[in-house]
Amino acid sequence: MTDQIAFIGAGNMAGALIDGLIADGTSPERLIATDPSIEKCQALSAATGIRTLQDNREAAAVADIIVLAVKPQILRQVAQELAEQIQDRRPLVISIAAGVRCDSLQTWLGGDVPLVRTMPNTPAMIQAGATVLYATPMVSEAQRGQAESLMRAVGLTQWIADEVLMDAVTALSGSGPAYHFLIMEAMETAARELGLSAETAHLLTLQT
């Protein structure tokens, strides 16, 4: 991958993807991330060496690939803010926002945008994630490869042909880690009730 990649949003998942890309050999000079918090921008830049900005439109204006990594509840506002730049440049847009369908995103972005919707999961933060991808018809084979390479930096990738299947993916791999944490909590509770100390119960549960 040689394109300029802009992450709109610099939260945990964006940070995981940035770390994974750099570990995979991507030059930090090709990565940009935005966040309204100047402190978060400064911390991310210091930790990774990438360029950070507080202006989403400034990042989108130079990006060949845009990763929408903001919370679903503000995605509409952010997408509409970027629509002009995206219509001008026609970059590949990758969304990692849970529950937001491609038709809604296309409307907010102005339509006819090469768009890939993804569902990563939290193990991506230790490069052990599972990400499912869905491509809209505007996405070329080369762009599919770009999206897959980007998401593969944090773990396994798998394509689906029908966006409706993303609901099942969300229930399985998207929410799956939380089920395991719930089981672990139950194991620790049972161990404490059987007389083990909290520290021992926690350590043994993690190791198990």
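Refer to the structure printed above.
Cut-off values and rules
- Residues numbered from 1 in each chain as written.
- Predicted model: local features only at pLDDT ≥ 70, side-chain atom pairs only at ≥ 80, totals over all residues.
- Heavy atoms only, no water.
- Phe/Tyr/Trp six-rings, centres within 6.5 Å; stacked < 30°, edge-to-face > 60°.
- Lys NZ or Arg CZ within 6 Å of the ring centre and 35° of its normal.
- Helix = DSSP H or I, 4+ residues; strand = E, 2+ residues; numbered from the N terminus.
- Polar contact = N/O pair within 3.5 Å; in protein donor to acceptor, adjacent residues only side chain to side chain.
- Contact = heavy atoms within 4.5 Å.
- Core = buried A, V, L, I, M, F, W, Y, C linked by side-chain atoms within 4.5 Å.
- Buried < 20%, exposed > 50% of the residue type's maximum accessible area, 1.4 Å probe, protein only.
- Axes fitted to C-alpha atoms, helices over the stretch in contact; angles between N-to-C directions.
- Parallel < 35°, antiparallel > 145°, perpendicular 65-115°, else oblique.
- Nonpolar A, V, L, I, M, F, W, Y, C, P; charged D, E, K, R; others polar.
- Salt bridge = Lys/Arg side-chain N within 4 Å of Asp/Glu carboxyl O.
- Arc of directions from axis to C-beta.

Enquirer: So what's going on with the packing of aromatic side chains? Residues and values would help.
Expert: Using the criterion set out here, one finds zero aromatic pairs in the structure. Across the ring face of W159, the terminal group of R144 is positioned such that the distance to the ring centre comes to 4.0 Å.

Enquirer: Kindly report on the side chain of T48, identifying the contributing residues and their values.
Expert: The topology assignment puts T48 in helix α2 (residues 38–48). One polar contact links the side chain of T48 to the main-chain carbonyl oxygen of L44, over a distance of 2.7 Å. Within the structure, the side chain of T48 is placed 3.3 Å from the backbone nitrogen of I50, a separation counted as a polar contact. Once residues within four sequence positions are removed from consideration, T48 is found in contact with I18, D19, I22 and P28.

Enquirer: So what's going on with the nonpolar core? Residues and values would help.
Expert: In terms of nonpolar packing, the biggest core is built from 30 residues, with I8, L68, L75 and L105 touching the most fellow members. Those elements that provide at least two residues to this core are β1 (5–8), α3 (56–60), β4 (65–68), α4 (72–89), α5 (102–109), β6 (115–119), β7 (129–135) and α7 (166–174). With five residues, α4 is the single largest residue contributor to this core. Dropping the residues within four chain positions of it, L75 is found in contact with L68, V70, S95, A97, V100, L105 and W108. With 29 residues, the next largest nonpolar core counts I18, L21, I50 and L133 among its residues.

Enquirer: So what's going on with the packing of α4 against α5? Residues and values would help.
Expert: A pair of packed helices is characterised by two quantities: the angle between their axes and the separation of those axes. α5 packs onto α4 with a crossing angle of 55° between their chain directions and a minimal axis gap of 7 Å. Considered as vectors, α4 and α5 are oriented oblique to each other. Facing L75, R76, A79, Q80, A83, I86 and Q87 of α4, the residues of α5 in contact are L105, W108 and L109. In terms of residue class, the contact of α4 with α5 is built from seven nonpolar, two polar and one charged.

Enquirer: I'd like a rundown of unusual backbone geometry, residues and numbers included.
Expert: The backbone phi angle of D112 is positive, close to 55°, even though this residue is not glycine. Within the fold, D112 resides in the loop between α5 and β6. You can call D112 exposed: its relative accessible area is 52%. Residue Q127 is not a glycine yet carries a positive backbone phi of 55°. Examined against the element boundaries, Q127 turns out to sit in the loop between β6 and β7.

Enquirer: Help me get a handle on the pattern of salt bridges, residues and values and all.
Expert: By the definition in use, this model includes nine salt bridges. The shortest N-O distance in the salt bridge between R152 and E148 comes to 3.0 Å. Here R152 pairs with E148, and both are found in helix α6 (residues 141–152), just four residues apart, close to one helical turn. Looking at E148, the relative accessible area reads 22%, which means it is partly exposed.

Enquirer: Quick one: what's the story with α5, residue by residue and with numbers?
Expert: Since one α-helical turn is 3.6 residues long, residues separated by three or four positions face the same way. Among the residues of α5, those classed as buried are C102, L105, Q106, W108 and L109. Buried residues of α5, viewed axially, fall in a sector of 165°; they line one side. Buried residues along α5 sit against β4, α4, β5 (92–95), β6 and β7. Phi turns positive, to about 100°, at G110, one or two residues after α5.

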